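Overview (structure and organization)
Chain by chain, the residues run as shown.
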Amino acid sequence: MKSNVFQLGMVRFDPQTRIITQSDGRAAQLRNKSKEVLSCLLETPNQTVSKIAIIDRVWTDVTVSDESLVQCIADIRKVIGVDAKQIVETVPREGYRVNLPLKTPKPIRFRLAVLALALVVVGFLAMLNWPKTETPMVQSVSSPSNDETPPGTANTDAYLEVLKGRVSSNIFSHSESLEAERHYRRAIIMDPNYARAYAELGTLLAVRFENDWTVLVNADRDKSLYYAQQAVLLDPDLWLGHFALGRLYSVFGNLDAAETHLEVAMSLQPENEDARAYLGIVKIFRGDPESAIAILEAAIRSHPNPPHWYYFGWGHALFNAGQFAQAESALQDCLLLAENSPYCLRYLIAVLGEMDRLSEAQQAGKTYAAMGFDLSVNGILDLMTFHGKDDQAQLEAALRRAGLPD
């Protein structure tokens, strides 16, 4: 008997084989229980299935709370990516429903435009062998559900510009950051009330500050805060706007405001780990590496494909806590995902110095210098922002142990 294969955004799921594949043909990672939940929902697509019915079907031999089901739904949505909350819909006080498109003709212009962009995204990522991650990275490109109106805007071209911007944001370089900014600005020109475009731009500019890709610091600071604040003003319930503000405030040293906005972002979209992971980084800035380690470890376990900065934050926290062997492992994982991440290399040099592995520290230093950075203690410290003297002193001492000149 031939199995039905369901298209959910840009992934395909076969309930019979329990195989879920991405648009490029690669298998997507999803826990078995989450696959069982998805299979249960797909037995009656476009119909609400009660929580009790799902739990009775999936957890036949054990008693579980709603929390286990909520986590499975979060896992499924992460794999689906864009429009996931519309595809796997929460029906308040009842249960969940998988919404599949009706077999009706769709506007040709929009379908072709989205298809063309999808091919660009898939081809681009396949060429670079780049990991698909959560915001601000592109996960998938799918046409809006139901009535063909893109989410957050009535302007299809603006929506496509945001997706193009996210393709460029996925490539960790200054030049691609500038390209992403051009796309986001075009989206704002096309729809001045498009909150998501402002939020994406605010997040992009936060990454620039974190990597010292800014020139006019005060002007860039004001500009970045304006875009993130405008996103929240236009749509107070847009989690990405609060995430952008939280990230920016953490860079600028206002840690109370950073935590406030990150917690709002978490409440608006609890299944997204980005705000939670960045809250862990704020805990590092507050001088609480133990809390940071716990938060970041949980985020990495929960995320189906954690981005490199999760591992960097984890490695940074482990370094500050004096757990150098674990820190090395986390930072190596960071570099596997983003080999040109200067932050990961700086802390890897420091970790190797603390472990008295000087030849390996020198090799990491050569890689760092080959990227055009000043391989000296003061050269590294000048590029970084510290929120506590102890954090700076610990890194400085480790870099000296690694044999770096002043």
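Preceding block: the structure.
1. Comments concerning the overall build of the protein chain
- A count of helices and strands for the protein chain gives 19 helices and six strands.
- Looking at the protein chain as a whole, 54% of its 406 residues are labelled buried.
- The long-range fraction of contacts in the protein chain, counting pairs at least 24 apart against all pairs at least 6 apart in sequence, stands at 60%.
- With the model as given, the accessible surface of the protein chain reaches about 18500 Å², and the carbon-plus-sulfur share is 52%.

2. Description of the packing of aromatic side chains
- Summed over the entire model, instances satisfying the criterion amount to twelve aromatic pairs.
- Ring geometry for phenylalanine 312 versus tyrosine 347: centroids 5.7 Å apart, planes at 70 degrees, classification edge-to-face. Here phenylalanine 312 is found in helix H14 (residues 308-320), whereas its partner tyrosine 347 is found in helix H16 (residues 342-354), with 35 residues between them in sequence.
- Among the residues examined, phenylalanine 312 registers a relative accessible area of 13% and is labelled buried.
- Summarising the aromatic geometry, the rings of phenylalanine 319 and tyrosine 347 are spaced 5.4 Å apart at their centres and angled 80 degrees between planes, so their arrangement reads as edge-to-face. Of this pair, phenylalanine 319 sits in helix H14 while tyrosine 347 is found in helix H16, placing the two residues 28 residues apart along the sequence.
- Relative accessible area serves as the criterion here: at 0%, phenylalanine 319 is assigned to the buried category.
- For tyrosine 347, a relative accessible area of 0% puts it in the buried group.
- Within the aromatic cluster, the residues linked to one another by ring pairs are Trp239, Phe243, Tyr278, Trp309 and Tyr310.

3. A closer look at the pairing of strand S5 (residues 88-91)
- Sheet analysis places S5 next to strand S6 (residues 95-98), joined by four bridges and oriented antiparallel. The residue of S6 that forms the bridge with valine 88 is valine 98.
- A loop of three residues connects S5 with S6, the two strands running antiparallel in sequence, and arginine 93 in this loop sits at a positive phi of about 65 degrees.

4. Brief notes about the pattern of salt bridges
- Within this structure, the stated rule accounts for 21 salt bridges.
- Taking the shortest distance from any N to any O, the salt bridge between aspartate 75 and arginine 31 comes out at 2.6 Å. Note that aspartate 75 is positioned in helix H3 (residues 66-80) and arginine 31 in the loop between strand S3 (19-21) and helix H1 (32-42), a separation of 44 residues in sequence.
- Residue aspartate 75 is classed as buried on the basis of its relative accessible area of 8%.
- Linking lysine 283 and glutamate 259 is a salt bridge whose minimum nitrogen-to-oxygen distance equals 3.6 Å. Of the two residues, lysine 283 is situated in helix H12 (residues 273-285) and glutamate 259 in helix H11 (residues 255-268); the sequence distance between them amounts to 24 residues.
- Connected via shared salt-bridge partners are Asp256, Glu259, Lys283 and Arg286.

5. Focus on the sheet that holds strand S2 (residues 11-14)
- Pairing is antiparallel across the open sheet formed by three strands, whose spatial order is S1-S2-S3. Looking at the sheet topology across the chains shown, the edges are occupied by strand S1 (6-8) and S3. Put simply, the sheet's adjacent strands are angled 25 degrees from each other on average, direction ignored.
- Relative to S2, H1 is tilted by about 85 degrees, and along the sheet it contacts S1, S2 and S3.

6. Notes on H14
- Across its 13 residues, H14 extends 19 Å between first and last C-alpha, which sits within 8% of the 18 Å expected from 1.5 Å per residue.
- Burial analysis of H14 places 13 of its 13 residues in the buried class, which makes it a mostly covered element.
- A positive backbone phi angle near 80 degrees is found at glycine 322, which sits one or two residues after H14.

The rules behind each value
- Residues numbered from 1 in each chain as written.
- Predicted model: local features only at pLDDT ≥ 70, side-chain atom pairs only at ≥ 80, totals over all residues.
- Heavy atoms only, no water.
- Helix = DSSP H or I, 4+ residues; strand = E, 2+ residues; numbered from the N terminus.
- Buried < 20%, exposed > 50% of the residue type's maximum accessible area, 1.4 Å probe, protein only.
- Contact = heavy atoms within 4.5 Å.
- Areas by Shrake-Rupley, 256 points an atom, 1.4 Å probe, with all protein chains shown as cover.
- Phe/Tyr/Trp six-rings, centres within 6.5 Å; stacked < 30°, edge-to-face > 60°.
- Pairing = 2+ DSSP bridges.
- Salt bridge = Lys/Arg side-chain N within 4 Å of Asp/Glu carboxyl O.
- Axes fitted to C-alpha atoms, helices over the stretch in contact; angles between N-to-C directions.
- Expected span 1.5 Å × (residues − 1).

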